[in-house]
Amino acid sequence: MSAYTMIDTPMGELLVTGEPNTAAPGGLTLTSVRFADQPDARPSGDRDDPAFAYAADQIRAYFAGARTEFAPALAPRGTAFQERVWAALDAIPYGTTTTYGALAERVGAPRDRIRAVGAAVGANPLLIIRPCHRVIGASGSLTGYAGGVARKEALLVHEGALQPQLA
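Model, not experiment: these values are computed from the prediction.

**Some remarks on the packing of helix 2 (residues 80-90) against helix 4 (residues 114-122)**
Part 1 of the argument: Interaxial distance between helix 2 and helix 4 falls to 9 Å at its minimum, and their mutual angle equals 75°. Judged by the inter-axis angle, helix 2 sits roughly perpendicular to helix 4. Side by side, helix 2 and helix 4 meet where Phe-81, Gln-82, Val-85, Trp-86 and Leu-89 of the first sit next to Ala-116, Val-117, Ala-120 and Val-121 of the second.
Part 2 of the argument: Of the residues in the contact of helix 2 with helix 4, the class split is 8 nonpolar, 1 polar and no charged.

See the structure below:
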């Protein structure tokens, strides 16, 4: 049975869903992390804030600058190709970026499959936890992000991968 919680962050409220898993840290496997204002963000199951304490503590520590990696158990549901791309996302270090082309190379996808890699990145159900925000265009442009390009920029500034823009 699914459960969910809402977590306040400096970039907006996150809707986090998961499933019970006694073998997982905190007793829960995360299935989705979305900004609550995204069109596809819908609560699933019962609200159970205490069950998500482990994940919520990690997310809060990340935004406080005290954490650079996440350790909750994850339960991605995607195609074999998507899961390969998502595993490559997990390997992008905090405070760095990579391009869609470099990511395609990392997963062994030919150059003509860069759009498929981009689609797999865009289908990532675990925003922030699985750092799809660290993938940028070959020109350095901040191409798409399910949470919005402004949030992508803010996440990269937060991690020190991008300098803040002066107004």
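Read on for the rest.
**Considering the packing of aromatic side chains**
Part 1 of the argument: For the coordinates displayed, the defined rule picks out 3 aromatic pairs.
Part 2 of the argument: Plain terms: the ring middles of Tyr-62 and Phe-63 are 5.0 Å apart, the flat faces sit at 80° to each other, and that makes the pair edge-to-face.
Part 3 of the argument: Here Tyr-62 and Phe-70 contribute two aromatic rings whose centre-to-centre distance is 5.4 Å and whose plane-to-plane angle is 45°, an arrangement assigned as tilted.
Part 4 of the argument: Three or more aromatic residues joined by ring pairs make a cluster, and in this case those are Tyr-62, Phe-63, Phe-70 and Tyr-94.
Part 5 of the argument: Above the face of the Phe-81 ring, Arg-113 is positioned so that its terminal group lies 5.0 Å from the ring centre.
Part 6 of the argument: For the cation-ring pair, Arg-151 lies above Phe-35, with the distance from its terminal atom to the ring centre recorded as 3.9 Å.

**Re the sheet that holds strand 3 (residues 28-35)**
Part 1 of the argument: The mixed open sheet is built from 5 strands, whose spatial order is 4-1-2-3-5. Each of the sheet's edge strands pairs with one partner strand only, and the pair in question is strand 4 (46-47) and strand 5 (73-74).
Part 2 of the argument: Where helix 1 (residues 53-63) meets the sheet, its contacts fall on strand 1 (3-7), strand 2 (14-20) and strand 3, and the angle it forms with strand 1 comes to roughly 25°.

**Let's talk about the nonpolar core**
Part 1 of the argument: Counting residues in each nonpolar core, the largest one holds 38 residues, and the members touching the most others are Leu-30, Val-117 and Ile-128.
Part 2 of the argument: Listing elements by their share of this core, those giving two or more residues are strand 1, strand 2, strand 3, helix 1, helix 2, helix 3 (100-106) and helix 4.
Part 3 of the argument: Setting aside anything within four residues of it in sequence, one finds Leu-30 in contact with Val-16, Thr-17, Gly-18, Phe-52, Ala-55, Pro-72, Ala-73, Leu-74, Ala-75, Leu-126 and Ile-129.

**Notes on the side chain of Thr-9**
Part 1 of the argument: Mapped onto the elements of the fold, Thr-9 is located in the loop between strand 1 and strand 2.
Part 2 of the argument: A relative accessible area of 13% means that Thr-9 is categorised as buried.
Part 3 of the argument: At 2.5 Å, the side chain of Thr-9 and the backbone oxygen of Gly-12 are in polar contact.
Part 4 of the argument: When residues no more than four places from it in sequence are discounted, the contact partners of Thr-9 are Leu-14, Phe-35, Ile-59 and Phe-63.

**Section: the side chain of Gln-38**
Part 1 of the argument: Mapped onto the fold, Gln-38 is located in the loop between strand 3 and strand 4.
Part 2 of the argument: A polar side-chain atom of Gln-38 sits 3.3 Å from the main-chain carbonyl oxygen of Ala-146.
Part 3 of the argument: The residues contacting Gln-38, other than those within four sequence positions of it, are Leu-127, Ala-146 and Gly-147.

**Brief notes about empty space enclosed by the protein**
Part 1 of the argument: One pass over the full model with this rule turns up 1 cavity of 30 Å³ or more.
Part 2 of the argument: Of the voids in this model, the largest cavity is the one considered here, and its volume is about 40 Å³.
Part 3 of the argument: Every residue along the wall of the largest cavity is listed here: Pro-25, Gly-26, Leu-28, Leu-30, Ala-51, Phe-52, Tyr-54, Ala-55 and Pro-72.

Parameters at a glance
Residues numbered from 1 in each chain as written. Predicted model: local features only at pLDDT ≥ 70, side-chain atom pairs only at ≥ 80, totals over all residues. Heavy atoms only, no water. Axes fitted to C-alpha atoms, helices over the stretch in contact; angles between N-to-C directions. Helix = DSSP H or I, 4+ residues; strand = E, 2+ residues; numbered from the N terminus. Parallel < 35°, antiparallel > 145°, perpendicular 65-115°, else oblique. Contact = heavy atoms within 4.5 Å. Nonpolar A, V, L, I, M, F, W, Y, C, P; charged D, E, K, R; others polar. Phe/Tyr/Trp six-rings, centres within 6.5 Å; stacked < 30°, edge-to-face > 60°. Lys NZ or Arg CZ within 6 Å of the ring centre and 35° of its normal. Pairing = 2+ DSSP bridges. Core = buried A, V, L, I, M, F, W, Y, C linked by side-chain atoms within 4.5 Å. Buried < 20%, exposed > 50% of the residue type's maximum accessible area, 1.4 Å probe, protein only. Polar contact = N/O pair within 3.5 Å; in protein donor to acceptor, adjacent residues only side chain to side chain. 1 Å grid on protein atoms, 1.4 Å probe; cavity = no way out; pocket = protein on both sides within 12 Å on 5 of 7 lines; lining within 4 Å. Points joined across faces, edges and corners; volume = space filled by probe spheres on them.

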